[in-house]
Amino acid sequence: MKKTMLILMMALIFGACKQEARYTMQAPEIDSVKALLAASASGDYEGQRPFYAENAQIFINATKENPITVDQMIEGQKSEMGDFSQISVTVEDDAIEMVTTDNGEKWVNCWGTWKATHTASGKSFEIPFHETFQFVDGKIVKDHGYWDNSTIMSAMMEYEAAQKAAADTVPAM
């Protein structure tokens, strides 16, 4: 009986040792996300492309029914970020992690802050964000990004209204 108990205990110990880590803060996928965010902040939009699988689905403040492609994401960034300078993205080391789900899916989650200055008005913004990336074979296949850009939209509308009002008050010659 003692031998049987000893064998069962040893089997449990060895079985427990072979389990994969389901949570980590150090992984090549985390390094990829950090490099991806750095490319985005520096304006290297095309430099983001190699991190994504060819058929990646991107959900920026969108539901699962409304994904965009990598091409659409890059074009959107080019047109939107052209109005900003001093762009930075900060993600602290304790605010990025990789988890492996019960189904074996690998996801990198990060929480950070996007900062930039609207070039024309000089107004600065600091926007917290959350982004989560699913990886397959070292490439991002899904990217879900969430942030509140209403302060930017309000400021842009105020700036445009002020520009229009100033143009309307200029006397005709």
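Conventions adopted
Within each chain, residues carry numbers counting from 1 in the order of the written sequence. Predicted model: local features are reported for residues with pLDDT of at least 70 only, side-chain atom pairs are reported and counted for 80 or more only, and whole-chain, interface and lining totals are derived from all residues. Hydrogens and waters are ignored; side-chain quantities use all the structure's heavy atoms. Working definition: rings of Phe, Tyr and Trp (its six-membered ring) pair if their centres are within 6.5 Å, and the pair is stacked with planes under 30 degrees apart, edge-to-face with planes over 60 apart, and tilted otherwise. Strands are runs of DSSP state E lasting at least 2 residues, helices are runs of H or I lasting at least 4, and numbering of each runs from the N terminus. Throughout this description, buried means an accessible area under 20% of the type-specific maximum (1.4 Å probe, protein chains only), exposed means over 50%, and partly exposed covers the range between. Basic side-chain nitrogens of Lys or Arg form a salt bridge, by our definition, when they fall within 4 Å of a carboxyl oxygen of Asp or Glu. We define a nonpolar core as any set of buried Ala, Val, Leu, Ile, Met, Phe, Trp, Tyr and Cys residues linked to one another through side-chain atoms lying within 4.5 Å. Here a residue-residue contact requires only that any non-hydrogen atoms of the pair lie within 4.5 Å. What a helix should span is 1.5 Å times the count of its residues minus one. The directions from the helix axis to the C-beta atoms form the arc being described. Strands are labelled as partners when DSSP assigns at least two bridges between them.

**Student:** Can you tell me about the packing of aromatic side chains, naming the residues and giving the values?
**Tutor:** Counting across every chain of the model gives two aromatic pairs. Their ring planes at 75° and their centres at 5.5 Å tell us that Phe 84 and Trp 114 sit as a pair that is edge-to-face. Linking Phe 84 in strand E3 (residues 84–90) with Trp 114 in strand E5 (residues 106–118), this pair joins segments that are 30 residues apart in sequence. Grouping residues by exposure puts Phe 84 and Trp 114 together as buried. Among the aromatic residues, those joined into a cluster by ring pairs are Phe 84, Trp 114 and Phe 125.

**Student:** Outline the pattern of salt bridges, supporting the account with residue identities and numerical values.
**Tutor:** Following the criterion strictly, the structure yields seven salt bridges and no others. For Lys 34, the salt bridge goes to Asp 93, with nearest N and O atoms at 3.2 Å. In this pair, Lys 34 sits in helix H2 (residues 28–41) while Asp 93 sits in the loop between E3 and strand E4 (96–100), placing the two residues 59 residues apart along the sequence. Judged by its relative accessible area of 55%, Asp 93 falls in the exposed class. Here Arg 49 and Glu 46 are joined by a salt bridge, their closest N and O atoms 3.0 Å apart. Given a relative accessible area of 31%, Arg 49 falls into the partly exposed group. Residues joined by salt bridges that share partners form a network here, namely Glu 46, Arg 49, Asp 71, Glu 75 and Lys 78.

**Student:** Talk me through the nonpolar core; I want residue IDs and the actual numbers.
**Tutor:** For soluble globular proteins, the rule of thumb is that nonpolar side chains tend to be buried together. With 32 residues, the main nonpolar core has Val 33, Tyr 52, Cys 110, Trp 114 and Phe 133 as its most contacted residues. Elements represented by at least two residues in this core include exactly H2, strand E2 (52–60), helix H3 (70–81), E4, E5, strand E6 (124–136) and helix H4 (150–169). Ranked by residue count, the leading element in this core is E6, at five residues. When near neighbours in sequence (up to four residues on either side) are disregarded, Cys 110 contacts Val 33, Leu 37, Val 91, Ala 95, Ile 96, Phe 129, His 130, Glu 131 and Phe 133.

**Student:** Describe in detail H3, supporting the description with residues and values.
**Tutor:** When the terminal C-alpha atoms of H3 are compared, their 16 Å separation across twelve residues agrees well with the 16 Å that a helix rising 1.5 Å per residue should span. Turning to H3, its buried residues number three or more, namely Val 70, Met 73, Ile 74, Gln 77 and Met 81. Taken down its axis, H3 places every buried residue within 95° of arc, on the same side.

**Student:** Got a sec to walk through H2? Specific residues and values, please.
**Tutor:** For H2, spanning 14 residues, the distance from its first C-alpha to its last is 20 Å, which sits close to the expected 20 Å at 1.5 Å a residue. For H2, every residue scored as buried is listed here: Glu 29, Ile 30, Ser 32, Val 33, Leu 36, Leu 37, Ala 39, Ser 40 and Ala 41. With its phi angle positive at about 85°, Gly 43 sits one or two positions after the end of H2.

**Student:** Please give an account of unusual backbone geometry that cites residues and values.
**Tutor:** We note that Asn 61 has phi near 50°; this positive angle belongs to a residue other than glycine. The backbone of Gln 86 sits at a positive phi, close to 50°, despite the residue not being glycine. Looking at the element boundaries, Gln 86 is found in strand E3.

**Student:** Describe in detail the side chain of Gln 77, supporting the description with residues and values.
**Tutor:** With respect to the helices, strands and loops of the structure, Gln 77 is situated in helix H3. Excluding residues within four positions of it along the chain, Gln 77 makes contact with Ser 40, Tyr 45, Gln 48 and Gly 82.

**Student:** Requested: an account of the pairing of E6, with residues and values cited.
**Tutor:** Inspection of the sheet shows E5 paired to E6 by twelve bridges, in the antiparallel sense. The residue bridging Lys 106 from the neighbouring strand is Phe 135, located in E6. Taking the residues that link successive antiparallel strands as the turn, the E5-E6 hairpin has five residues, and the phi of Gly 122 there is positive, at about 80°. As paired strands, E6 and strand E7 (residues 139–147) are joined by eight bridges and run antiparallel to one another.

That is the geometry; function is a separate question.
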